[in-house]
Structure formats: structure tokens, C-alpha cells
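Reading the structure
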Amino acid sequence: MQTSFTPAQLADPHVAESEKILRKCVHCGFCTATCPTYVTLGNELDSPRGRIYLIKDMLENGRPADKEIVTHIDRCLSCLACMTTCPSGVNYMHLVDHARAHIQETYERPMLDRLTRAMLAFVLPYPTRFRAALKLAKLGKPFIGLFEKLPALKPLAAMLKLAPASIPAASPMAAPGVHAGQGAKKGRVAILTGCAQSVLDPAINDTTISLLTRLGVEVVVPPGEGCCGALVHHMGREEAALASARQNVDAWMRAIDQGGLDAIIITASGCGTTIKDYGFMLRLDPAYADKAARVSALAKDITEYLAAFDMPEPVRKPGTVVAYHSACSMQHGQKITRQPKELLAKAGFIVREPREGHLCCGSAGTYNILQSEISAKLRDRKVKNIEATGASIVATGNIGCITQIASAASMPVVHTIKLLDWAYGGPKPDGVRDESLIAAE
Ligand code: SF4
Ligand code: SF4
């Protein structure tokens, strides 16, 4: 694609980066076929190619964002299916990140939208605040129907609907410290405790620590870790996202200095995509660029780490039929596709893949709150495809997808690590049927 930026515009490194990306696009439109919003809405401006044209026009003309571009960029899930499909290697992720930051700087949203976004940015990345908000949400649940009737309050209704009926207690295992591996030492890793996941399902990281330590891996929970920054990054709040990234880089560099790390283990693929991008996000900061690149190189999804680990034979072969839902951040963001399925199959599960596996479930960070109608359509389509597999359980590697799919599915939805842990001697996850036992009865 031809571009016409001036030398003065290209002196801005963000514009220069976007120009490089834009020039790669050959406007072939292959990406439209796999874009969930184009598939759902059928509007070219809600396709990757349409958004690329809108962003190009805005940046080339040095214009502030307007209502039209905000509408279509807000509808983008950042699922990155377009990047998987694109034959020209267009880095849509970095382009849309730049567009979102430009929107945040130049566009004044309506007041309620501003307040909702400010509230999400204030609450979600902080476990203590999020826990308190979930407790408050119980009081608001009776008003969901009322809020749904008022367009400006739909995000509030969506939030209340997603809030779980009960909140698990905080886990002592998430406190800073070191969990020693059992037997001969096979490795040393740090684990990201994260934000929303540690409140909604602390057992995911507890289970990960338990399995890794049984395998002989020392697991460090470094002091000073926090939210990865993805939630605010996707809202265009660049400074807040970079502050989170720097805080985590500092925490992990201290852990590296104190005993080395083989990997930084991440159990939420949405966070993994962002942490693997820290090297890019902090490339212009001379104090952090090298350290951030090192951290990004060490970041591994738990299934990526276990797939490269010399795993023993499983303790039991459950025989349970599992529908594996590959989160967009897993398959498109991190290109991890085969490892989770192979690990599950090796552990004795029968793995089925739902149709249209490339399409997003509609969770996408805060998307299911801010774009609840499109999100619900994508969720229902996903659940239909999952249920058609005949599986009795869904496995996935991202807390956002777990919450989203569980809100409509008739079967339990669990993190992949819980099934692996069970097969390797851990407790049976709640709600899961042991098909091998049933067959024996
Ligand atoms: S597939 Fe790639 S090159 Fe083709 S229109 Fe989409 S982004 Fe551009
Ligand atoms: S990130 Fe997803 S929703 Fe956004 S343009 Fe690409 S495919 Fe479409």
C-alpha cells in the first residue's frame, strides 16, 4: 500500500512504525474472511482491511480521531485472527495499538463511556479493588434488567452479568516467595500471579505451582509483580500499560539476578501475548529496552513450557472427551496451537476441536463489557460449535474465555492446566466426569 507521510510525521517513531506496517498491506482482503466482526456485521469498515484504511487516513492526515473511526476500532476485538491469515505479514496488532493510543489522546468520548473506561482501568488490574467490586456487584444484580434497557448503562449490565455468584478466597500460594521443587531440581521459573485471574480463579496458579513443583521445578513468585498491562493497553492507555510493564520487568530482573530463571510462566494467554510484546512496547526507553526484550524472550505459556519439558507418564488416563478452545491470544497472539492439544492427548484425554476454532469467543479483555451485543453473538456461536463436539468439558488457557464461555455453556469450562494436573496425580477438577471410572462401573 502506498503511503504519503511527510518527513516531519515520520520523525515520530510511532508513526514511522505504523507506516512500515501500512506499506506491507496489499489490500488483498484475505483477512476479512476470518475477522469475527466482519463475519458478524458484514461491514467492510468492521474488517481488518477497512480498519487499516481508516487508521491510514487518520494518521496520514494527522487528524484527531472522530466518531466513525472510534466506532470501528472499538468494535475490533484485537483477536489477531487477521494476523494469522495475512499472507503479507501485516502487524495489525502494533497498528491498532497505535490507533488506540491516538484515539485516547485526541478523542473525547461521551461522559458515561469515559467513566466506564476509567472505572475499568481503576478496578480490574488491582486484585484488592476487583475483589471488592465483585462483592458490590452482588447488590447490583437485581437491577440488570433495568440497566439493559438504557443503552448508556449496557456496559454496567454486562459487568453485573459476568460477576460470579461467589468469589473464591485469595490464595496464600500467590504471596511472594519460593516454592521448592520436589526431588532432583529440573528448573527454576517465575510465575505471573496477574490480576483478574488471581481473583476469579486462584486455583489456576495454585495448580500450576503444584504440578511444576511435583515435576522438580522451583517456582518463584517475585515480589512487586502486578497486572501485565494488557487491559489498559487495549484501551489505549499507553502510559499506564508501560508503567505496568516496567514494574514487572523490574520484578523479574531481580528474580533473574537472585538465582536465574529458565522461564517466566504465564497461565493466561492474554497476558502472555502482551508480555511477549514488552520488548517492542519498551523499545524506545533506553533504561528498559534490553531488559524488556530479555523478559519477553523468557515468557512462556505454561503449555509451551510443559511441551518442551521431559514429562513423565501420567498417573491416570482419564479418557474424558475434551473440547479444546484455543484462545485467540494463544493461537493468533502467541502462535501456540499444537502444544496444549498434544499435552492433553498424551495425558489420556480425547481431544476434540470445535468448528470455526479461529473465531473469537467474544471475551477479549473488556470487550464483553464494552461491546456486549457483538460479544454475546460471538459467544453463542462459539458455544454452539463447542457443544456440537459432544465433549463433556471444555479446556482453554485464558481466564477471559473461561468466564465468557461458562456464562452460556452447558458443560464445565476449565483451564487446561487443571486437567493436566489431574492426569499427573493432582485432584480431579470440580464438575469433571472421570470417563475411565464410569466405564469401569
Ligand atoms: S490479508 Fe494482509 S495484506 Fe491482505 S488486506 Fe488483510 S492485512 Fe492487508
Ligand atoms: S483483530 Fe480480530 S476483530 Fe480486529 S480486525 Fe483483526 S480479525 Fe478483526
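Since the structure is predicted, the reported quantities are computational estimates derived from the model, not experimental observations. (Residues numbered from 1 in each chain as written. Chains lettered and ligands numbered in written order. Predicted model: local features only at pLDDT ≥ 70, side-chain atom pairs only at ≥ 80, totals over all residues.)

1. Here we look at the overall build of the chain
How we decide: Helix and strand assignments come from DSSP, with helices taken as H or I runs of at least 4 residues and strands as E runs of at least 2, each series counted from the N terminus. Two things to know: the radius of gyration comes from C-alpha atoms, and the globule rule equals 2.2 Å times the number of residues to the power 0.38. A residue is called partly exposed when the number of other C-beta atoms within 10 Å of its own lies between 12 and 20, exposed at 12 or fewer, and buried at 20 or more, with C-beta atoms placed from the backbone. By definition, residue pairs are in contact when their C-beta atoms, positioned from the backbone, come within 7 Å.
Across its full length, the chain holds 26 helices and 9 strands. The C-alpha atoms of the chain give a radius of gyration of 22 Å, which matches the 22 Å a tight globule of 441 residues would have. Seen through its C-alpha atoms, the chain measures out along the principal axes to roughly 70 × 50 × 45 Å. Buried positions account for 48% of the 441 residues belonging to the chain. In the chain, the share of contacts with a sequence separation of at least 24, taken over all contacts with a separation of at least 6, comes to 74%.

2. Let's talk about the pairing of strand S3 (residues 217–221)
Convention followed: DSSP calls a pair of strands paired once it identifies at least 2 bridges connecting them.
Most of S3 is tucked away: 5 of the 5 residues are buried. Sheet analysis places strand S1 (residues 177–179) next to S3, joined by 3 bridges and oriented antiparallel. For His179, the partnering residue across the bridge sits in S3 and is Val219.

3. Considerations on the site of ligand 1
The condition is simple: For each residue, a C-beta atom is placed from the backbone, and the residue counts as near a molecule or strand when that atom lies within 6 Å of it.
The environment of ligand 1 is made up of 15 residues, and the closest members are Cys25, Cys28, Cys31, Cys86 and Val90. Sorting the residues of the shell around ligand 1 by element identifies helix H4 (48–60) and helix H6 (81–85) as the ones contributing at least two each.

4. Concerning the pairing of strand S8 (residues 393–396)
Here is the rule: Classification remark: right-handed applies to a crossover when, strands pointing away from the viewer, the course from the first strand over the helix to the second runs clockwise.
Alternating residues of S8 divide into Ile393 and Ala395 and Val394 and Thr396, and every residue in both groups is buried. As judged from the 3 bridges shared by strand S6 (residues 321–324) and S8, these two strands associate in the parallel manner. Note that in S8 the partner of Tyr324 across the bridge is Ala395. Taken together, the 3 bridges between S8 and strand S9 (residues 413–415) define a ladder with parallel strand orientation. Across the sheet, residue Val394 finds its bridge partner in S9, namely Val413. Handedness of the S8-helix H24 (residues 399–406)-S9 crossover: right-handed.

5. Things to note about the site of ligand 2
So the rule is basically this: Each residue receives one of three labels: charged for Asp, Glu, Lys and Arg, nonpolar for Ala, Val, Leu, Ile, Met, Phe, Trp, Tyr, Cys and Pro, and polar for the others, Gly being one of them.
As a structural note, the neighbourhood of ligand 2 is formed by 13 residues, with Cys35, Pro48, Cys76, Cys79 and Cys82 the closest of them. Broken down by secondary-structure element, the contributors of at least two residues to the shell around ligand 2 are helix H3 (36–41), H4 and H6. Its residues assigned to classes, the shell around ligand 2 shows 10 nonpolar, 2 polar and 1 charged.

6. Here's the deal with the domain arrangement of the chain
To keep things clear, this is the line we draw: Each domain's extent is set by a domain assignment, obtained either automatically or from a database.
Looking at the chain, the domain boundaries give domain 1 (7–106), domain 2 (111–162), domain 3 (172–307) and domain 4 (321–440). A C-alpha centroid distance of 26 Å is found between domain 2 and domain 4. In this assembly, 6 residues from domain 2 lie in contact with 7 residues from domain 4. Tallied by class, the residues present in the side of domain 2 that touches domain 4 amount to 5 nonpolar, no polar and 1 charged.

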